[in-house]
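# Secondary and tertiary structure notes
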Amino acid sequence: MGTGDNAAPGSDKKAAIKRKIKMTAYFLLIPWFIGITVFRIYPMIMNLYYSFTEFHPLGEPSWIGVSNYLEMFTADPVFWPSVVATLRYVLIGTPLVMAAAFFIAFVLNFKLKGVNLFRTAYYIPSILGGNVAVSILWVRMFHPIGPVNTVLGAFGAEPINWFANPSFAPFTLIILSAWQFGSVMLIFLAALQNVSPTLYEAADIDGARKWRQLFAITLPIITPVMLFNSINVLLRHFQEFNAAALITGGGPLNATRFLNLYIYEMAFPSLRLGYAAALTWVLLAGIGVLTAILFVSSRHWVHYND
Amino acid sequence: MKRFVKGIGALVVVAFLAACGAAAPDEPAAPDATPAPPAATPAPIAPVDEDWTPAAAGDVTINVSWWGVDARANAYEAAFDVFRARYPNVTINTDWGAFGGHLDNIIIQLGAGTEPDLMQVNYAWVHSLAPDGNNVFLDLNTVSHILDLSEWTDSDLAFMTVGGELAGVPHGMNGRIVVYNRLLMEEFGLPTFPATIEELLAVGEQVSVGNNLNMDLGENRYILSNLDNLLFDLSILTWLYATTGNTLQAEGQMLHTVDQVAAVFDIVGQLQETGTVQNPFQEPGVGNFMNHNDPLWTEGRAGGALVWVSDVQNFMSTFIEEGDQNWGDLGIAPLPLPAGASPVTMQRPSLGHAISRNTQHPEVVAYLLNFLYTDEAAILAIDNTLGVPFSRTAEAVAIANDIILPPQLEGMEILGRAMGIIDEYFEDPRLRNPRLDIFEEFRHGVIDSQTAAQRFVSEQQSALDAVFSP
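Throughout this description, residue numbers start from 1 for each chain and increase along the sequence as written. A letter from A marks each chain and a number from 1 marks each ligand, given out in the order of writing. Totals for whole chains, interfaces and linings use every residue, but because this is a predicted model, local features are given only for residues with pLDDT of at least 70 and side-chain atom pairs only at 80 or more, for both listing and counting. Excluded from the side-chain calculations are hydrogens and water; all other atoms, namely the structure's heavy atoms, are used.

## Regarding the overall build of chain A
Rule in force here: Secondary structure elements follow DSSP: runs of H or I of four or more residues count as helices, runs of E of two or more count as strands, with numbering from the N terminus. Within these notes, the globule rule equals 2.2 Å times the number of residues to the 0.38 power, and the radius of gyration is based on C-alpha atoms. Here the term buried applies to any residue with accessible area under 20% of the maximum for its type, exposed to any over 50%, and partly exposed to those in between, with areas from a 1.4 Å probe on protein chains only. We call two residues contacting when some pair of their heavy atoms lies within 4.5 Å. Surface accessibility follows the Shrake-Rupley procedure with a 1.4 Å probe radius. Residue values consider only the protein chains on display as shielding. Lys and Arg are tallied as positive, Asp and Glu as negative. Neither His nor the chain termini are counted. By convention, charge coordinates are those of NZ in Lys, CZ in Arg, CG in Asp, or CD in Glu.
Check the secondary structure of chain A and you find 14 helices and two strands. Taking 19 Å as the expected radius of gyration for a compact globule of 306 residues, we find that chain A reaches 26 Å, considerably beyond that expectation. The C-alpha extent of chain A, read off along each of the three principal axes, is 95 × 70 × 35 Å. Across the 306 residues in chain A, those meeting the buried criterion constitute 44%. Looking at chain A alone, contacts between residues at least 24 apart form 68% of all its contacts between residues at least 6 apart. Accessible surface computed for chain A: about 16,500 Å², of which carbon and sulfur atoms make up 71%. Of the side-chain charges in chain A, 19 are positive and 13 negative, and the distance between the mean point of each set is 10 Å.

Quick look at the structure:
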């Protein structure tokens, strides 16, 4: 009892301190909680509601049930081409960016003369982003008499009508995306530099060649980073807007009318906020499905240290 | 409060939309718009209080916004400087930018109730932005004791009347005419631009001999060029009007049959097949139209371009400055029509000005608006950067001071010969975007003229139903 009497005040004090720490933590979290509620959760809930309404930006939303969703799946001549354009961009662009970023990071991981200069040079395009200046550059690069066709011509190829041909226009934007691999490359580079040299030394002693080391040591070790990069790049491609809006305007024949661009077109020029809201949920679903596939598949190809 | 909540609602959707940023570059530098002469009757005009001035209003700050090129911005600022000098108690803040994206800004500002006090608006906007046909701008009849509405005719004001309220005042009329290259005409023995489709096709085929059909490698030539992707949209409207006497719609009902529309699609097909205008592969690609800066135009390889009268000087400038041509090498003509069709040039009011419903200083803003249209110093400062004015004082001052360029006057003369009014929803993106998609599919050969016409009529009617639904 006496022991208990002696222990009780101490444990009470500890509990009080714990409570105080907890309360302080919750108190400090209040701004974040308010922020996420006001700027994320509330907009998402309202957006979901608006997706079931007809909503002129300057009018009142009127409930129309699932009409927006029915219209997009059954009657909208632009929706499915837009989905196809988006998926093509995501499914080609994401692996391309990953491959380009990894390859350059791999090369820049060697101790080369002036390697820092190269690292900076390769990173710069990703700083530029999809702005107007880059768009103008791209339009000129891929003009029928621009540098790209000139270089192709030097190899005897016929000039390509990049922007006016629906078969080629998406690839100009995919190439633009692949060109801006700098951030992804930097993360790969950091991961590569974290691979312990002792593993390579051991592999050397065992007689493993460089290619074998790449596939047996380097790639398995950096798979968590590959997963992280894949998801980031995937999201970025799903959300692409600037390049399509500034360079191709969604054409020709909807070949580059990505969902994000279409959402904008529905929301503003077309004054259909409700329909645009519905489209965002489809976009979110698309992102969710592909991200889930990546996560589920990662059990089979991502190797964690533990 | 309700308005604020509504604005927040719009912003919520905007916040969640994953994209945002750049603007759809689908409009020319010239103003947009549309209505057929409105049915609504303008309210009786109140007598102007000539004694009232902003000097009595105390310290006032007014926000003004517009879109346009640098020259227009400099002109507005010069006019405002005159106003500031006269009324130092009035502070005028200005906000301006390119046409692309300007409507987005206005929509968001209107939704949140934070729009500028005085706005340059597009003629079509005052109708498109009216949910259920209710005007969202200040009814200018309420400030007619300050703003002298007798500067405009009733029919002029009727163009910007929405739901019985005067949403804005129009600056002038605007229509598309052909600016043509005399040098190319002379090369093919033509004294002027062809007047009929048949003549156009005949000479168009000759001009296009030797063109690369797959792309323009900098040597192609055409008698008529599609420099902003709107050539066919506006041409089809003109040809339909010329052959049927009807604009696209009236009170939400399409006025053309599939056969009538198919006939004009066939004209577009012929123009492409003969090389009279570019096929889609010979164009720089959607989103890359350069308008008056296009080398096709500046290098003199285009015989003509269909341009807004208000935009004529831009085409003339680049033709002269970037090419080796002279001012006299250009001419003005109406769009060629099918043989036997009634002469017509489609037109509608150009830009206008509207006042915010939420302004704290409606009388001062109305005074400033009145100043822009009636004060000689302001009109001279604005110069021709807004196009050709048709309000009484502005027009008189502009003519007396030779503000209007000769080619603009020539263009206005063509507009005045045979007017066809572009209806108020023709340029509404809800109608125009589906049309442009159909043109694109037809021009790429994905659909034939009959299918294109069927889709044109049915999709336009669906869009109209949506616009006119309560």
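Structure shown, so let's carry the discussion forward.
## Considerations on the layout of surface pockets
All names here are of chain A. Just so we agree on the cut-off: Of the grid points, spaced at 1 Å and generated over the protein atoms alone, those admitting a 1.4 Å probe that cannot get out make up cavities, while open sets with protein on both sides within 12 Å along at least five of seven lines make up pockets; any residue with an atom within 4 Å of a point is treated as lining. Grid points are joined across faces, edges and corners, and a volume is the space filled by probe spheres set on the points. The residue classification treats Ala, Val, Leu, Ile, Met, Phe, Trp, Tyr, Cys and Pro as nonpolar and Asp, Glu, Lys and Arg as charged. All others, Gly included, are polar.
Quantified by volume, the second largest pocket comes out at close to 560 Å³. Together, 16 residues line the second largest pocket, and Phe106, Asn109, Phe110, Leu192 and Tyr200 are the ones closest to its centre. Every element with two or more residues in the lining of the second largest pocket is listed here: α4 (115-128), α8 (182-193), α9 (197-205) and α10 (210-221). When residues of the lining of the second largest pocket are assigned to their parent elements, the largest contribution, five residues, is made by α10. A class-by-class count of the residues in the lining of the second largest pocket yields nine nonpolar, four polar and three charged.

## Some details on the nonpolar core
To be explicit about the condition: Nonpolar cores are built from buried Ala, Val, Leu, Ile, Met, Phe, Trp, Tyr and Cys residues. Side-chain atoms within 4.5 Å join them into one set.
If you look at the biggest cluster of nonpolar residues, it comprises 116 residues, and the most contacted ones within it are Leu279 of chain A together with Leu129, Phe137, Leu147, Val169, Leu368 and Leu372 of chain B. Examining the composition of this core, we find that 12 residues originate from one element, helix α14 (residues 273-301) of chain A, more than from any other. Beyond its immediate sequence surroundings of up to four residues, leucine 147 of chain B is in contact with Val48, Leu140, Trp152, Val169, Ala366, Leu369 and Asn370 of chain B. Within the second largest apolar cluster, 54 residues are counted, among which are Met185, Ile197, Leu240 and Val264 of chain B.

## Let's talk about the domain arrangement of chain B
How we decide: Residue ranges labeled as domains rest on an automatic or database domain assignment.
Per the domain assignment, the segments making up chain B are domain 1 (23-172 + 350-387) and domain 2 (175-347 + 424-468). A C-alpha centroid distance of 31 Å is found between domain 1 of chain B and domain 2 of chain B.

## A look at the confidence of the model for chain A
The line we're drawing: Every residue is assigned a pLDDT by the predictor, reflecting its confidence on a scale from 0 to 100.
Residues with a pLDDT of 70 or more make up 96% of chain A, whose mean pLDDT is 91. By mean pLDDT, the top-scoring element of chain A is helix α2 (residues 67-74) of chain A (96), and the lowest-scoring one is α4 of chain A (81).

## Considering the domain arrangement of chain A
All names here are of chain A. Heads up, the rule is: Accessible area that two parts lose when put together, evaluated with a 1.4 Å probe and summed over both, is termed the buried area. Whenever Lys or Arg places a side-chain nitrogen within 4 Å of a carboxyl oxygen from Asp or Glu, that contact is recorded as a salt bridge. Pairs of N or O atoms within 3.5 Å make up the polar contacts considered here, provided that, within protein, one atom can donate a hydrogen while the other can accept it, and that residues adjacent in sequence are counted only when both atoms are side-chain atoms.
When cut into domains, chain A gives domain 1 (2-50) and domain 2 (77-301). Listed per partner, the contact involves four residues of domain 1 and five residues of domain 2. Counting each side, the surface lost to burial between domain 1 and domain 2 is near 380 Å², with a carbon and sulfur contribution of 63%. Of all residues in domain 1, Met44, Asn47 and Tyr50 give up the largest surface area on contact with domain 2, accounting jointly for 82% of the area buried on that side. Taken together, domain 1 and domain 2 are joined by zero salt bridges. Linking domain 1 to domain 2 there are one residue pair in polar contact (both at pLDDT 80 or more). Here the side of domain 1 that touches domain 2 is composed, by residue class, of three nonpolar, one polar and no charged.

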